[in-house]
Amino acid sequence: QVKLVESGGGLVQPGGSLRLSCAHSGSPNSIWMMGWYRLPPGQQRELVATITTGGFTNYANSVKGRFTISRDNAKNTMYLQMNSLKPEDTAVYYCNAQAGSDALWGQGTQVTVSS
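As the structure is a computational prediction, the values presented were derived from the model and not from experiment.

(A) Quick look at the nonpolar core. Counting 29 residues, the largest nonpolar core has M34, W36, L80, M82 and Y93 as the members making the most contacts within it. When residues of this core are traced back to their parent elements, those giving at least two are β3 (18–25), β4 (31–39), β5 (46–52), β7 (67–72), β8 (77–82), β9 (91–99) and β11 (109–113). Looking at this core, the element that brings in the most residues is β9, giving five residues.

(B) Highlighting unusual backbone geometry. Despite not being glycine, N76 shows a phi value in the positive range, around 50°. We classify N76 as partly exposed; its relative accessible area is 26%. A positive phi angle, near 50°, is found at S84, a position not held by glycine. With respect to the helices and strands, S84 occurs in the loop between β8 and β9. For S84, a relative accessible area of 41% puts it in the partly exposed group.

(C) Here's a closer look at the state of the cysteines. Across all of its chains, the model carries one disulfide by this definition. Each sulfur in the disulfide pair C22 and C95 lies 1.9 Å from the other. Every disulfide takes its handedness from the sign of the S-S torsion; for C22 and C95 that torsion is -70°, giving left-handed. Remark: C95 occurs in strand β9 and C22 occurs in strand β3; sequence separation between them is 73 residues. The exposure class assigned to C95 is buried, which follows from its relative accessible area of 0%.

(D) Region of interest: the sheet that holds β3. Ordered in space as β1-β3-β8-β7, the four strands form an open sheet in which the pairing is antiparallel. Only two strands of the sheet have a single neighbouring strand rather than two, namely β1 (3–7) and β7. Going from strand to strand, the sheet's axes swing by 15° on average, the running direction of each strand aside. Relative to β3, β1 runs antiparallel, the two sharing five bridges. If you follow K3 over to β3, its bridge partner there is S25.

(E) The arrangement of the side chain of D89 in detail. Position of D89 relative to the elements: it lies in the loop between β8 and β9. Residue class for D89 comes out buried when judged on its relative accessible area of 0%. A polar contact is formed between the side chain of D89 and the backbone nitrogen of K86, at a distance of 2.8 Å. Among all residues touching D89, those that are not within four sequence positions of it are R38, R66, F67, S84, V111 and V113.

The rules we used
Residues numbered from 1 in each chain as written. Predicted model: local features only at pLDDT ≥ 70, side-chain atom pairs only at ≥ 80, totals over all residues. Heavy atoms only, no water. Core = buried A, V, L, I, M, F, W, Y, C linked by side-chain atoms within 4.5 Å. Buried < 20%, exposed > 50% of the residue type's maximum accessible area, 1.4 Å probe, protein only. Helix = DSSP H or I, 4+ residues; strand = E, 2+ residues; numbered from the N terminus. Disulfide = S-S within 2.5 Å. Pairing = 2+ DSSP bridges. Axes fitted to C-alpha atoms, helices over the stretch in contact; angles between N-to-C directions. Polar contact = N/O pair within 3.5 Å; in protein donor to acceptor, adjacent residues only side chain to side chain. Contact = heavy atoms within 4.5 Å.

That is the geometry; function is a separate question.
Structure representation (C-alpha coordinates):
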(Lines give C-alpha, C1' and ligand atoms only; values in the text may rest on other atoms or scores of the structure.)
Protein backbone atom coordinates (compact mmCIF):
# COMPACT_ATOMS: atom_id res chain seq x y z
CA GLN A 1 0.00 0.00 0.00
CA VAL A 2 1.23 3.48 -0.85
CA LYS A 3 2.16 5.73 2.06
CA LEU A 4 2.65 9.47 1.79
CA VAL A 5 4.74 11.62 4.13
CA GLU A 6 4.88 15.41 3.76
CA SER A 7 7.57 17.72 5.08
CA GLY A 8 8.82 21.27 4.63
CA GLY A 9 6.07 23.40 6.11
CA GLY A 10 6.68 26.24 8.51
CA LEU A 11 6.38 29.95 9.19
CA VAL A 12 7.53 32.38 6.51
CA GLN A 13 7.16 36.10 5.94
CA PRO A 14 5.11 37.46 3.03
CA GLY A 15 7.17 37.35 -0.14
CA GLY A 16 9.21 34.43 1.12
CA SER A 17 9.60 30.89 -0.20
CA LEU A 18 9.14 27.35 1.03
CA ARG A 19 9.52 23.94 -0.57
CA LEU A 20 7.22 21.12 0.42
CA SER A 21 8.15 17.49 -0.14
CA CYS A 22 6.00 14.38 -0.33
CA ALA A 23 7.80 11.06 -0.12
CA HIS A 24 5.81 8.04 -1.21
CA SER A 25 6.52 4.37 -0.52
CA GLY A 26 4.78 1.07 -0.98
CA SER A 27 3.65 0.52 -4.55
CA PRO A 28 4.67 3.70 -6.38
CA ASN A 29 4.21 2.09 -9.79
CA SER A 30 0.44 2.20 -9.25
CA ILE A 31 0.45 6.01 -8.95
CA TRP A 32 -0.73 7.79 -12.07
CA MET A 33 -1.17 11.30 -10.70
CA MET A 34 -0.06 13.23 -7.62
CA GLY A 35 -1.00 16.61 -6.31
CA TRP A 36 -1.11 19.14 -3.51
CA TYR A 37 -4.27 20.37 -1.85
CA ARG A 38 -4.66 22.84 0.98
CA LEU A 39 -7.11 23.56 3.77
CA PRO A 40 -7.14 27.25 4.70
CA PRO A 41 -8.49 28.11 8.16
CA GLY A 42 -12.28 28.21 8.14
CA GLN A 43 -12.50 27.22 4.49
CA GLN A 44 -12.90 24.09 2.38
CA ARG A 45 -10.04 22.03 0.98
CA GLU A 46 -8.92 23.26 -2.42
CA LEU A 47 -6.70 22.07 -5.22
CA VAL A 48 -3.28 23.67 -5.45
CA ALA A 49 -1.54 21.72 -8.22
CA THR A 50 -1.35 18.29 -9.81
CA ILE A 51 1.20 16.41 -11.90
CA THR A 52 0.75 13.22 -13.90
CA THR A 53 3.28 10.46 -14.49
CA GLY A 54 3.72 11.97 -17.93
CA GLY A 55 4.69 15.27 -16.39
CA PHE A 56 1.56 17.22 -17.24
CA THR A 57 0.84 19.87 -14.64
CA ASN A 58 -2.21 21.82 -13.56
CA TYR A 59 -2.41 24.76 -11.17
CA ALA A 60 -5.06 26.69 -9.33
CA ASN A 61 -5.34 30.21 -10.72
CA SER A 62 -4.42 31.64 -7.32
CA VAL A 63 -0.94 30.05 -7.41
CA LYS A 64 -0.04 30.17 -11.12
CA GLY A 65 3.32 31.82 -11.67
CA ARG A 66 4.28 31.50 -7.99
CA PHE A 67 4.16 27.75 -7.26
CA THR A 68 5.85 24.93 -9.15
CA ILE A 69 5.02 21.24 -8.77
CA SER A 70 7.58 18.62 -9.72
CA ARG A 71 8.45 14.95 -9.25
CA ASP A 72 11.70 13.06 -8.80
CA ASN A 73 10.78 9.51 -9.74
CA ALA A 74 14.19 8.16 -8.73
CA LYS A 75 13.58 9.43 -5.19
CA ASN A 76 9.83 8.67 -5.14
CA THR A 77 9.28 12.25 -4.07
CA MET A 78 7.05 15.08 -5.20
CA TYR A 79 7.77 18.73 -4.48
CA LEU A 80 5.93 22.01 -4.33
CA GLN A 81 8.16 25.06 -4.65
CA MET A 82 6.26 28.04 -3.31
CA ASN A 83 7.57 31.53 -4.05
CA SER A 84 6.17 35.01 -3.41
CA LEU A 85 4.05 33.63 -0.61
CA LYS A 86 1.06 35.61 0.57
CA PRO A 87 -0.87 35.53 3.85
CA GLU A 88 -3.77 33.92 1.98
CA ASP A 89 -1.53 30.93 1.23
CA THR A 90 -1.71 30.04 4.93
CA ALA A 91 -3.18 26.54 5.18
CA VAL A 92 -2.51 22.93 5.96
CA TYR A 93 -1.07 21.45 2.78
CA TYR A 94 -1.84 17.83 1.91
CA CYS A 95 -0.14 15.51 -0.51
CA ASN A 96 -2.46 13.39 -2.65
CA ALA A 97 -1.78 10.37 -4.82
CA GLN A 98 -4.10 8.66 -7.24
CA ALA A 99 -3.04 4.99 -7.11
CA GLY A 100 -5.22 2.86 -9.31
CA SER A 101 -8.76 3.78 -8.28
CA ASP A 102 -7.75 4.90 -4.79
CA ALA A 103 -7.18 8.45 -3.55
CA LEU A 104 -4.49 8.53 -0.86
CA TRP A 105 -3.58 11.37 1.46
CA GLY A 106 -0.65 12.37 3.63
CA GLN A 107 -0.97 13.70 7.16
CA GLY A 108 -0.61 17.35 6.14
CA THR A 109 1.94 20.04 6.86
CA GLN A 110 1.20 23.54 8.16
CA VAL A 111 2.27 26.56 6.13
CA THR A 112 1.86 29.94 7.80
CA VAL A 113 2.62 33.18 5.96
CA SER A 114 2.77 36.06 8.39
CA SER A 115 4.95 39.00 9.35
